[in-house]
Amino acid sequence: MRHFLRDDDLTPAEQAEVLELAATMKSAPFEHRPLEGPQTVAMVFDKPTLRTQASFAAGVAELGGFPMVVDGRLAGIGERESVADVARILGRQASVIAWRTFAQADLEQMAEHSGVPVVNALTDDFHPCQLLADLMTIREHKPELAGLTATFFGDGACNMGNSWLLAGATAGMHVRISAPEGYTPPQEVFDRAREIGEQTGGTATWVEDPREAAEGSDVVITDTWVSMGKEEEAAARTEVFAPYAVTQALFETAKPDAIAMHCLPAYRGKEIAAEVLDGIQSVVWDEAENRRHAQKAVLAWLLAKAGAGE
């Protein structure tokens, strides 16, 4: 049974296949109906959500399925019932489970016991659906992914930093993490990205100085400095990450045709300047829409693999 729990669950060839399928689905949104019936996709939310819920619900409907929303707080997953028991229950009711939660280990346990494909809709460690949407968006604005330089600014230790290293290396990109010391991805994620890069030509580096990191970048990326669950650290984080804000001046250090990305929600004037986020080189609204198309492709791809007994 194939699952999509982290970015390197897809090989380079598989990632390219999913991205091509996503582009096809975007051009003809109602032609692919692998969930016709309708089959149910259980969408489980333990964390606040807007784009994830909206894009999965719309995408499942376009695939001919029924999006069943499960409020993780009401279900009490891991408290009222164990993750394994919830997995067994949802696996009998749904064809796929998408879970937006905290611990990567819980997601892996869900996959172990579900009997159906499980998709990571965000954990504290990885955000692979967002990265597929990001890569899809870049493909729409650049000739090809391989060889591009993408730089992530801010809290490199967050799920987006981890996922950019893995997914970017899988696509053959040169990924830079520009973050203060102590806020970089774990060494094992760098090691895994570099291992993947040996096959694809991609690279993974940490560049502490933000202006140095921005130079020559094709893609400039940032995310909120205060991730869910870290609200009490807001003041301290603002001070630490202030030099890594994507200002207009920093953005102009990148290539003249660079694009700006942010997975949202964004806080204008903090991690990104309003003139960058809302500027003509920003592709954040394309990113937000492409969550739907990328996730549709993942769901269809996993269902096909399940049907083939892989």
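Note that the coordinates shown come from a computational prediction; the quantities given were computed from them, not determined experimentally. (Residues numbered from 1 in each chain as written. Predicted model: local features only at pLDDT ≥ 70, side-chain atom pairs only at ≥ 80, totals over all residues. Heavy atoms only, no water.)

## Notes on the packing of helix H2 (residues 51–62) against helix H13 (residues 284–307)
Here is step 1: The geometry of H2 relative to H13 is characterised by a closest axis approach of 8 Å and an angle of 50° between their N-to-C directions. Compared by their axis directions, H2 and H13 come out oblique. Handedness of the crossing formed by H2 with H13: right-handed. Of the residues in H13, those in contact with Arg 51, Thr 52, Ser 55, Phe 56, Ala 58, Gly 59, Val 60 and Glu 62 of H2 are Ala 288, Arg 291, Arg 292, Gln 295, Lys 296 and Leu 299.
Here is step 2: Here the contact of H2 with H13 is composed, by residue class, of five nonpolar, four polar and five charged. (Axes fitted to C-alpha atoms, helices over the stretch in contact; angles between N-to-C directions. Helix = DSSP H or I, 4+ residues; strand = E, 2+ residues; numbered from the N terminus. Parallel < 35°, antiparallel > 145°, perpendicular 65-115°, else oblique. Left-handed = near helix turned anticlockwise from the far one by under 90°. Contact = heavy atoms within 4.5 Å. Nonpolar A, V, L, I, M, F, W, Y, C, P; charged D, E, K, R; others polar.)

## A short note on the nonpolar core
Here is step 1: The biggest cluster of nonpolar side chains holds 60 residues, and the ones touching the most others in it are Val 119, Leu 135, Ile 138, Trp 164 and Met 173.
Here is step 2: No other element matches H13, which puts eight residues into this core.
Here is step 3: The contact partners of Val 119, leaving out residues within four places of it in the chain, are Phe 4, Phe 56, Val 96, Ile 97, Ala 98, Trp 99, Leu 107, Cys 129, Val 298, Leu 299 and Leu 302. (Core = buried A, V, L, I, M, F, W, Y, C linked by side-chain atoms within 4.5 Å. Buried < 20%, exposed > 50% of the residue type's maximum accessible area, 1.4 Å probe, protein only.)

## Brief notes about the packing of aromatic side chains
Here is step 1: Overall, the coordinates contain two aromatic pairs when judged by the stated rule.
Here is step 2: When the ring of Tyr 183 is compared with that of Phe 241, the centres are 4.9 Å apart and the planes differ by 75°; the resulting orientation is edge-to-face. Pair noted here: Tyr 183 is in the loop between strand E6 (174–178) and helix H8 (187–200) and Phe 241 is in helix H10 (residues 234–241), with a separation of 58 residues, a long-range link.
Here is step 3: Taking the relative accessible area as the measure of exposure, Phe 241 reaches 0% and is therefore buried.
Here is step 4: Judged by centre distance (6.2 Å) and plane angle (35°), the rings of Trp 225 and Phe 241 are tilted. One end of the pair, Trp 225, is in the loop between strand E8 (219–222) and H10; the other, Phe 241, is in helix H10, and 16 residues separate them in sequence. No difference in accessibility class separates Trp 225 from Phe 241, as the two residues are buried.
Here is step 5: Ring pairs connect the aromatic residues Tyr 183, Trp 225 and Phe 241, which therefore count as one cluster. (Phe/Tyr/Trp six-rings, centres within 6.5 Å; stacked < 30°, edge-to-face > 60°.)

## Points about the sheet that holds strand E1 (residues 40–45)
Here is step 1: Reading across the sheet, the four strands line up as E2-E1-E3-E4 and stay open at both edges, with parallel pairing between neighbours. Each edge of the open sheet carries a strand with a single partner, namely strand E2 (66–71) and strand E4 (118–120). On average, adjacent strands in this sheet sit at an angle of 20° to one another, irrespective of strand direction.
Here is step 2: Sheet strands touched by H2: E1, E2, strand E3 (96–100) and E4. Its angle to E1, the strand with the most contacts, is close to 175°. (Pairing = 2+ DSSP bridges.)

## Here's the deal with a negative patch on the surface
Here is step 1: Among the surface-exposed residues, Glu 181, Glu 208, Asp 209, Glu 212 and Glu 215 lie close enough to one another that they form a single negatively charged patch.
Here is step 2: Mapped onto the secondary structure, Asp 209 falls in the loop between strand E7 (203–206) and helix H9 (210–214).
Here is step 3: On the basis of relative accessible area, Asp 209 is assigned to the partly exposed category, the value being 39%. (Patch = residues over 30% accessible without salt bridge, like charges linked within 9 Å, V, L, I, M, F, W, Y side chains within 5 Å. Areas by Shrake-Rupley, 256 points an atom, 1.4 Å probe, with all protein chains shown as cover. Salt bridge = Lys/Arg side-chain N within 4 Å of Asp/Glu carboxyl O. Lys, Arg positive; Asp, Glu negative; His and termini not counted. Charge placed at Lys NZ, Arg CZ, Asp CG, Glu CD.)

## What to know about the side chain of Thr 253
Here is step 1: Inspection of the secondary structure assignment puts Thr 253 in the loop between helix H11 (248–251) and strand E9 (259–262).
Here is step 2: Accessibility expressed as a relative area gives 17% for Thr 253, which makes it buried.
Here is step 3: In terms of polar contacts, Thr 253 uses its side chain to reach the backbone carbonyl oxygen of Ala 249, at 3.1 Å.
Here is step 4: Beyond its immediate stretch of four places on either side in the chain, Thr 253 contacts Arg 211, Ala 214, Glu 215 and Gly 216. (Polar contact = N/O pair within 3.5 Å; in protein donor to acceptor, adjacent residues only side chain to side chain.)

## Description of the confidence of the model for the protein
Here is step 1: Here the protein shows a mean pLDDT of 97. Residues at 70 or above account for 99%.
Here is step 2: H10 is the least confidently modelled element of the protein, averaging 89 in pLDDT, while E4 averages 99, the highest of any element. (pLDDT = per-residue confidence, 0-100.)

## Structural notes on helix H6 (residues 128–141)
Here is step 1: For H6, built from 14 residues, the straight-helix expectation of 20 Å at 1.5 Å per residue is met to within 8% by its first-to-last C-alpha distance of 20 Å.
Here is step 2: Of all 14 residues making up H6, 11 are buried, and the element is well covered by its neighbours.
Here is step 3: Along H6, the positions that sit buried rather than exposed are Pro 128, Cys 129, Gln 130, Leu 131, Leu 132, Ala 133, Asp 134, Leu 135, Met 136, Thr 137 and Ile 138. (Expected span 1.5 Å × (residues − 1).)

## A closer look at the environment of Val 116
Here is step 1: Considering the arrangement of structural elements, one finds Val 116 in the loop between helix H5 (104–114) and E4.
Here is step 2: Judged by relative accessible area, Val 116 falls into the buried class, the value being 10%.
Here is step 3: Sequence separation of Val 116 and His 3 is 113 residues, and the distance between their C-alpha atoms is 8.3 Å.
Here is step 4: Every residue in contact with Val 116, bar those within four places of it in the chain, is listed here: Met 1, His 3, Gly 91, Ala 94, Ser 95, Val 96 and Ile 97.

## Structural notes on the environment of Arg 51
Here is step 1: Considering the arrangement of structural elements, one finds Arg 51 in helix H2.
Here is step 2: A sequence separation of 80 residues divides Arg 51 from Leu 131, and the C-alpha atoms of the two residues are 14 Å apart.
Here is step 3: Setting aside residues no more than four positions away along its own chain, Arg 51 makes contact with Phe 56, Cys 263, Leu 264, Pro 265, Ala 288 and Arg 291.
Here is step 4: Within the structure, Arg 51 has its side chain in polar contact with the backbone oxygen of Cys 263 (distance 3.5 Å).

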